[in-house]
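Per-entry structural report
The primary structure of each chain is shown beneath.
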Amino acid sequence: MTVPDSTAAATGVPTGTGKQLLRLATAGSVDDGKSTLIGRLLLDAKLILQDTLDALHRNGTDGAPDLASITDGLRAEREQGITIDVAYRYFTTPRRAFIIADTPGHERYTRNMVTGASTAQLAVILIDARHGIIEQSRRHACLSGLLGIRHMVAAVNKMDLVDWDESRFRAIESEFSALAQQLGVHDARSFPISALNGDNVVERGAAGWYDGPPLLEHLEAVDVASDRGAGPLRLPVQWVIRPEDGARGERRYAGQLAGGTLRPGDPVVVLPAGSRTTVTAVETHDGPLESAAPPDSVSVQLADDLDVGRGELLCSPGQLPASGRRIEATVCWMSESPLRAGEHVALKHTTRTVRAAVESIDSLLDLTTLGDGPPPDELSLNDIARITLRTAAPIVADPYTENRTTGAFILIDEDSNDTVAAGMVRRVRAGGREPEHSPGVTWHESGLEREHRWDSLGTRGATVWLTGLPASGKSTIAAQLERILVEDGHPAYFLDGDNLRHGLSGDLAFSPADRTENIRRVAHVARLIADAGMVAIASLVSPAHHDRALARELHEAAGLPFLEVYVDTPVEVAEKRDPKGLYALARAGRLQDFTGVSAPYEVPEQPDVTVRTAEEDVSASAERLKQALERLWFPA
Amino acid sequence: MPDIVSGLIRASPSVSSKPDRLSVRLSCSRVTAPDHLHALESEAVHVFREVAAELERPVLLFSGGKDSIVLLRLAEKAFRPGRFPFPVMHVDTGHNFPEVLEYRDRRVEEIGERLIVAKVEDSIAAGRAREEWDASKPGSSRNRLQTVTLLDAIEHGRFDAAFGGARRDEERARAKERIFSFRDDFGQWDPRAQRPEVWNLYNGRIRRGEHVRVFPLSNWTELDIWHYIRQEELELPSIYFAHEREVFEHDGMLYAVSEYVEPSSEPFTESVRYRTVGDMTITGAVRSSATVVADVISEIAATRVTERGETRADDRTSEAAMEDRKRLGYF
C-alpha cells in the first residue's frame, strides 16, 4: 500500500516520494488477456478503488469483476469490446511508481502501439500459453526492439489452461530469449502466469516448479537507471529565458536534457551554428545545480554572448552528432492517406521544425522477421518502412539506436496539421536539398546584369529538360534541337545523361539516392549554362518527380526559363529499339535498378511539352520544342 | 490582511529550508534515477516551454484548486526568472468557495502575473447561456454553463492554447486523452481523431479558430499532486484541510450549507475537508481530521473511492459523463 515514505517523515525533509518511475508498455489483444493482466496488477496491488470495482462487478459475470473493462476508456471501445487507443494507467507500490501505456495488439493499431512504446523503458508482451509465440507476439517484440526498448518481459498467460505444463512454458521461454537476442535486447525474461486467477502476477502461484519471482516483483526491481547520464551531452534549446530587467548576458537557455551529463565549466558546441563556449551555470527555479542528466529540465548560462535560439543543440565537443540535409530513417506511417516519394511535409526533430521532401521510399520492413522487403510505391497506414528525406535546412541528429530523443522525429502534414509519421534516424548525410548557400561561401556576383549579358550576345538562356524511359529517343531529339537552335543563331549545348556520368558524375551509381545526386549536379550545370545565355538541353531518364521538381525549382528561383519535356514512348517500343542492348541485360537480370524493367518511372503529371515518338518524327518534335522555347522568351 | 492569511495553511509548516532539499536532489541526480516526482516535474516543464514556444497566445486556466496550484508552480519552474509568456484565467461560476477566491487573488498577486476572470453570470446576462442552477434543487449547478463562458473567453482573448490541470487518473475517458488535446472551432473534442503523441514531440499546429487544451499534469496521480504540494511547501485554500462546517447529506454526499443551495435534509456540523474544489453547489466534502498535508496523504492513500466518484456530483451522472462533457468543450 502506498504510504508517505518514512525517511522523509523522520527527518522532516520533503524529498518527494523517493520512488523511481518506470514507464512500461503492454501489447497484446483482449484474447491474450492483456487487459485482464493490467486489471489484476491494479486489483492485487490494491490500487483499484471501490467505486471502480463496483462498476467492474456490474459489467462482469458470475460475480467476478470484469477486469478487462478497466482499460477500455472510451464509449466506443466499451460498446465494441475492443481497445482502440492507447490508455495510460498509473500505479504505485512501495518501491516504484509505474506508468503503463496500454496499447491494442492488432496490426490495425500499430501506430497506437508505436505511440505507447515510444516513451516506454520496458515492454510486457502478452503470450497465450496455448498458442505460444504467434506472429502477433513477434510483431510486438520487434516493434518494441525497433523503438529502442531495452527490457522485455514475456507474460506467458493462461498457464492454467495448459495445466501449468512446465515444458510448454520452457519452450516458449527459450523461443522468446532467442527472439530478444536477435533484436539485440539483453534483458528478456518470461513469466508463467494466470492473469485471471492471479498466479505469479503479484503473488506467487500454482506452479511448484517455478522458482522465479512474480511479475510485479521483477517490474519493481529491473534496473532502468544505470544508463542515466551516459553518452555525450545533448541539450536541445527549447526556450530563452530573459530575466525581466536582465542584461543580455544573463539570458538562460532552457531545455530538457536529452543525453549525457551537464556541469558548470563544461565546454560545449552550439549546433548547427558551430560556435564553442563554456557553461557557466546550470540553473533551475530552485537554484543552481552541480550537475544535471536526462530527463532534467534545466536552463544554462553560457560564457560567451552568442545568439543562441530555439532549435539549436548544445553538445559535447569531440562527440558531435551528424549534421546534414539528407536523413535516412525508419518511419511508422500513421495517416489514412498514403505517402509517396516526392511529397513535402514538415519535420519536427527535438525543438526544431523544418520542411522536408520524401526523396525515396527505400524498403518496407517486415515486422515478423525485421527483414527488408522491396520498396512499395506508397506507404499505407501502419506501414513501417525505410525512407530517405531531404530537409530544407540541416538537421543535427544522432542515430536513434544511440539516442532516443535526438534520433527521433515526427512528420506533420502541412495541410491537415496532422502528425502523420513517427520517425527514427538511421543516418544523417550531408547531401540533400539544395542549400540556399554553402556555409562560409558567398555567391560571387559578377556585377553584370543577366539581361545586359544576354543582350550583348543577342541571345536568351533557358533549359530544356527531356525525361523518359531509356531508349525512348530523348538524345536523338536533343541533338536535333541543338542543331536547329545553333543553325538559327541560338547558342545551345546538349548535356547527355550518359556522357555526364563519365566525368561529372563518374562517382555515382543508380540507386535512388545516387540518381538524385546526379540530377542535382546536372541541374546546376544547366542553370549556369542558361544563366550564361545559352540553351542547356539536358537529356536524362530522371524517373522521379521530386528530382525533376528540384531542377525546375532551381531554375524558377533563379528566374530562368525551364521546359520540361516528356518523351512518351511505350516501353515495348523503347525495348525494341534498345540501341545499347540495356533492356536485354536488365531482363536477363544482369543490370540492377534499370528504369522500366526493375526500377519505376514516374510519368510527369504536367510536362510543358509531351513528345510521342511513335507518332511524330524527330525534326517535327525538335521544331515544336524550339517554338515552345520562343513562346517562353517572348510571350504573346 | 489577517483574515485572508488565516484562511491559508502552509503545507508542512515544520519542514526545513529549501537548500536541504536541493542538496538531496544534487546528490542523487547523478547516480540513480530521479525521484518519480522529479521526472514528472521535468516532463511538465518541458510541456510548458513547448507550448510557449510553438503557440501564439496561450492562457493558463486557474481555479484555485490543488491541481491548478501545482500547475502555477510548474509554470514558475519553466519560466522564472522571466515573466510567464501568458496570462492566468479563472472561469468564475459565481458559486465558488469564498476561501478559494481569496486564495486565487492573493496567489496571482504574489507571483505578479495578470489575472483574467471570465464570469458565467456575464454569459447568462448576455443571453449566451441559460441558468440551470436552482438553489432549491441540490445537485443543480452552473457546471455545464462554464463551457460556454470558457469558449467565449478563449475566443474573445484569441487564445490558441489553454493549460489545464486535468489528470489521466481522474476518469476513464481522460486516460486516453492526449497531453495536447485539440479542439475544433466549436471547442469540441473528438476522441477518435486524436493526433498520435510520440516521444516528447508535441505537434501544436492548428488552424485559425481552433485551440489546444494542454494538460501538463496528464501523468500525475492524485497522490503525486499531494506529495508535490508537500515537497514544494505550496499554500492551499483552507478548505482542503479538516475544518468544522455545517453540512447536509444529499444523495450520499455531504454538501456545504451556503446561500447557493437549500438543504434537503437536516444540516449538522461535521469535521470535513474537500478533496476537489468545484462549485459549492456540487462539490461534496469528506469527513476528515487531516489538518496538515501529511495527514491528507495518509487518508488518500487509505481511501477506497476515486476522488471524482466521491466528491463530484457532475461525474456520477452516467458512466460516460466526462466523455460527453469533454466532447462539448469542457475542461
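Scoring rules and cut-offs
All residue numbers refer to position in the chain's written sequence, counted from 1. The lettering of chains begins at A and the numbering of ligands begins at 1, in the order of writing. Given that the model is predicted, a residue must reach a pLDDT of at least 70 before its local features are reported, and side-chain atom pairs must reach 80 or more before they are shown or counted; all residues, however, enter totals for whole chains, interfaces and linings. Burial is judged by counting other C-beta atoms within 10 Å of a residue's own C-beta: 20 or more means buried, 12 or fewer means exposed, and anything between counts as partly exposed, with every C-beta placed from the backbone. For the purposes of this entry, the term helix denotes a DSSP run of H or I that reaches at least four residues, the term strand denotes a run of E that reaches at least two, and both are numbered from the N terminus. Only strands that DSSP links by at least two bridges are regarded as paired with each other. Confidence of the prediction at every residue is given by pLDDT, a number between 0 and 100. Contact between residues is assigned whenever the C-beta positions, reconstructed from backbone atoms, fall within 7 Å. Here a nonpolar core is just a set of buried residues of the types Ala, Val, Leu, Ile, Met, Phe, Trp, Tyr and Cys, joined wherever their C-beta atoms sit within 7 Å. To obtain an axis, a line is fitted to C-alpha atoms, over the contacting stretch when the element is a helix, and the angle between two such axes runs from 0 to 180 degrees between their N-to-C directions. Domain delimitation follows an automatic or database domain assignment. Throughout this entry, Asp, Glu, Lys and Arg are counted as charged residues, while Ala, Val, Leu, Ile, Met, Phe, Trp, Tyr, Cys and Pro are counted as nonpolar. The remaining residues, Gly among them, count as polar. Angles below 35 degrees are treated as roughly parallel, those above 145 as roughly antiparallel, those between 65 and 115 as roughly perpendicular, and all remaining angles as oblique. Here a crossing is called left-handed whenever its near helix is offset anticlockwise from the far helix by less than a right angle, and right-handed whenever the offset is clockwise.

A look at the pairing of strand β27 (residues 562-567) of chain A
Side chains on a regular strand alternate between the two faces of the sheet. All names here are of chain A. Of all six residues that make up β27, six are buried, and the element is covered over most of its length. Neither face of β27 is open: one carries F562, E564 and Y566, the other L563, V565 and V567, and all of them are buried. Relative to β27, strand β24 (residues 462-467) runs parallel, the two sharing five bridges. Bridge pairing in β27 places T467 opposite Y566. Of the strand pairs in this sheet, β27 and strand β28 (residues 609-611) are connected by three bridges, and their pairing is parallel. Residue pairing for β28: Y566 is matched across the bridge by T610.

Thoughts on the pairing of strand β6 (residues 180-183) of chain B
All names here are of chain B. Of the two faces of β6, the one holding F180 and F182 and the one holding S181 and R183 are both buried throughout. The pairing of β6 with strand β7 (residues 211-214) spans four bridges and is antiparallel. Its bridge partner being in β7, F180 is matched across the sheet by V214.

Some thoughts on unusual backbone geometry
Residue P272 of chain A is reached from L271 of chain A by a cis peptide bond, and omega for that bond is 5°. Tracing the chain through its elements places P272 of chain A in the loop between β10 (267-271) and β11 (275-284). The omega torsion of the bond from P294 of chain A to P295 of chain A falls at 5°, within 30 degrees of zero and hence cis. When you line up the elements, P295 of chain A lands in the loop between β12 (287-289) and β13 (297-302). Of note, N417 of chain A is a non-glycine position whose phi angle comes to about 70°, a positive value. In this structure, N417 of chain A sits in the loop between β22 (408-412) and β23 (419-429). Notably, W199 of chain B is not glycine yet its phi reads approximately 50°, a positive angle.

Describing the confidence of the model for chain A
Averaged over every residue, the pLDDT of chain A is 85; the share at 70 or more is 87%. Across residues 432-437 of chain A, where pLDDT falls below 50, the model places 15 contacts with residues more than four positions away in sequence or in other chains.

Details of the environment of K348 of chain A
Mapped onto the elements, K348 of chain A comes out in strand β17 (residues 344-349). Distance from K348 of chain A to P604 of chain A, taken between C-alpha atoms, is 30 Å for residues 256 residues apart in sequence. Once you skip the residues sitting within four places of it in the chain, K348 of chain A turns out to touch T353, F409, I410 and I412 of chain A together with L201 and N203 of chain B.

A short note on the nonpolar core
Judged by nonpolar contacts, the single largest core of 204 residues is most densely connected at L24, A123, I125, A155 and V156 of chain A together with L60 and V214 of chain B. In terms of nonpolar packing, the next biggest core, distinct from the first, is built from 42 residues, L469, L485, M534 and Y566 of chain A among them.

Quick look at the sheet that holds strand β1 (residues 20-28) of chain A
Residue and element names in this part refer to chain A. Spatially, the six strands line up as an open sheet ordered β2-β3-β1-β4-β5-β6, and their pairing is mixed. Looking along the sheet, the strands with just one partner apiece sit at the ends: β2 (87-92) and β6 (187-192). When the angles between neighbouring strand axes are averaged without regard to direction, this sheet yields 25°. Of the strand pairs in this sheet, strand β5 (residues 151-157) and β6 are connected by six bridges, and their pairing is parallel. Along β6, the bridge assignment pairs V153 with R189. Together, β4 (122-128), β5 and β6 form the strand contacts of helix α7 (residues 166-182), whose direction differs from that of β6 by roughly 160°.

A closer look at the domain arrangement of chain B
Residue and element names in this part refer to chain B. Splitting chain B by domain gives domain 1 (20-223 + 321-327) and domain 2 (236-315). On the side of domain 2, 26 residues touch domain 1, which itself brings 27 residues to the contact. Of all the secondary structure elements, the ones that give two or more residues to the side of domain 1 that touches domain 2 are α4 (66-79), α5 (98-111), α8 (222-232) and α11 (321-327). For the side of domain 1 that touches domain 2, the element with the highest residue contribution is α5, accounting for three residues. Within the side of domain 1 that touches domain 2, the residues separate by chemical class into 10 nonpolar, 11 polar and six charged.

Side note on the domain arrangement of chain A
When the parts of a complex come together, some accessible area is lost, and that lost area is often taken as the interface size. All names here are of chain A. Split by domain assignment, chain A resolves into domain 1 (16-221), domain 2 (234-242 + 250-315), domain 3 (322-429) and domain 4 (450-633). Put simply, the middle of domain 3 and the middle of domain 4, counted by C-alpha atoms, are 30 Å apart. Taken together, the six residues of domain 3 in the interface contact seven residues of domain 4. Ranked by residues supplied to the side of domain 3 that touches domain 4, first place goes to strand β18 (residues 352-366) with three residues.

Observations regarding the environment of L629 of chain A
Within the secondary structure, L629 of chain A sits in helix α16 (residues 618-633). In contact with L629 of chain A, not counting residues within four places along its chain, are A462, V464, V535 and L563 of chain A.

A closer look at the packing of α8 of chain B against helix α9 (residues 293-302) of chain B
Residue and element names in this part refer to chain B. As a packed pair, α8 and α9 sit with axes 10 Å apart at the nearest point and diverge in direction by 165°. The orientation of α8 relative to α9 falls into the category roughly antiparallel. For α8 against α9, the interelement crossing comes out left-handed. The residues of α9 that touch α8, namely those facing E222, L223, W226, H227, I229 and R230, are V293, A294, V296, I297, I300 and A301. Among the residues forming the contact of α8 with α9, the class breakdown is nine nonpolar, one polar and two charged.

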